[in-house]
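The residues making up each chain are set out below.
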Amino acid sequence: GDSVTQMEGPVTLSEEAFLTINCTYTATGYPSLFWYVQYPGEGLQLLLKATKADDKGSNKGFEATYRKETTSFHLEKGSVQVSDSAVYFCALSAASGGSYIPTFGRGTSLIVHP
Amino acid sequence: EPEVTQTPSHQVTQMGQEVILRCVPISNHLYFYWYRQILGQKVEFLVSFYNNEISEKSEIFDDQFSVERPDGSNFTLKIRSTKLEDSAMYFCASSDWQGARQPQHFGDGTRLSIL
């Protein structure tokens, strides 16, 4: 079945550091890929998405490129802020047997220190 | 921006008791979902609901669980006889249509603690 693997956290960075959170996937068909963010005490919010190979999703300084050849969708940000501290979930949605229910990774906690 | 709202934010219940978690999806959305997240684990799909019936459910969603849309706005998840392992965050989500490209909009969750 479909699956998403994320790097284990927590990831601890100083403010203005470069961020990479790795995400790889396995899926049948051609999935759409998503990053969701969960701030403390809140639900999941869509951060960015990419729906086909080589697409780049971007939002709030975060970027991720859909790499079909490596089945990856790594999240990057050039300069993190304390306010970026949250849990980040990689997810995919594929038309697998008619189901579009997304498959989530385990989440990666990001802690940014001033 | 319209939001999915969930109540209560935290529910504490004795094992064996029934619990109802409530959600108000975004008003023009047609597809509704429940997920759960056990502490430290991944977000797991429970059930999806469309046109007043369950469209898909996971293995987790056994006979102890039920969903209902009792009126035009609320969407509820009922657990009939709670077990310790039902302790988790429960998220409601909605979307205006269903497709691989369509993200879902999530509520802030209800933390369910079973004693």
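How each quantity is defined
Residues numbered from 1 in each chain as written. Chains lettered and ligands numbered in written order. Predicted model: local features only at pLDDT ≥ 70, side-chain atom pairs only at ≥ 80, totals over all residues. Heavy atoms only, no water. Helix = DSSP H or I, 4+ residues; strand = E, 2+ residues; numbered from the N terminus. Polar contact = N/O pair within 3.5 Å; in protein donor to acceptor, adjacent residues only side chain to side chain. Contact = heavy atoms within 4.5 Å. Salt bridge = Lys/Arg side-chain N within 4 Å of Asp/Glu carboxyl O. Buried < 20%, exposed > 50% of the residue type's maximum accessible area, 1.4 Å probe, protein only. Pairing = 2+ DSSP bridges. Axes fitted to C-alpha atoms, helices over the stretch in contact; angles between N-to-C directions.

Trainee: Which parts of the structure should I look at to understand the side chain of glutamine 6 of chain A?
Mentor: Residues and elements named next belong to chain A. With respect to the secondary-structure elements, glutamine 6 resides in strand β1 (residues 3-6). At 2.8 Å, the side chain of glutamine 6 and the backbone oxygen of tyrosine 88 are in polar contact. Here cysteine 90 takes part through its backbone nitrogen, which lies 3.0 Å from a polar atom of the side chain of glutamine 6. Beyond its immediate chain neighbours, meaning those up to four positions away, glutamine 6 contacts Ile21, Asn22, Trp35, Tyr88, Phe89, Cys90, Gly105, Arg106, Gly107 and Thr108.

Trainee: When you look at the pattern of salt bridges in this model, what are you seeing that I'm missing?
Mentor: When charged atoms on two side chains of opposite charge get close, those side chains can pair. Residue and element names in this part refer to chain A. Evaluation of the coordinates by the stated rule reveals four salt bridges over all chains. Of the charged contacts, one joins aspartate 55 and lysine 52 as a salt bridge, the two residues approaching to 3.4 Å between their closest N and O atoms. Exposure remark for aspartate 55: the relative accessible area of 21% places this residue in the partly exposed category. With a shortest N-O distance of 3.6 Å, lysine 56 and glutamate 63 are connected by a salt bridge. On the basis of relative accessibility, which here comes to 33%, the residue glutamate 63 falls in the partly exposed class.

Trainee: Can you help me understand the sheet that holds strand β8 (residues 62-65) of chain A in this one?
Mentor: Sheets are built from strands paired through backbone hydrogen bonds, the pairs being either parallel or antiparallel. All names here are of chain A. Taken together, four strands build an open sheet; the order of strands is β3-β9-β8-β7 and the sheet is antiparallel. Among the strands making up the open sheet, the edge pair consists of β3 (19-21) and β7 (56-59). With direction set aside, neighbouring strand axes in the sheet form an average angle of 15 degrees. One ladder, built from four bridges, connects β7 with β8; its direction is antiparallel. Bridge pairing links serine 58 to glutamate 63 in β8.

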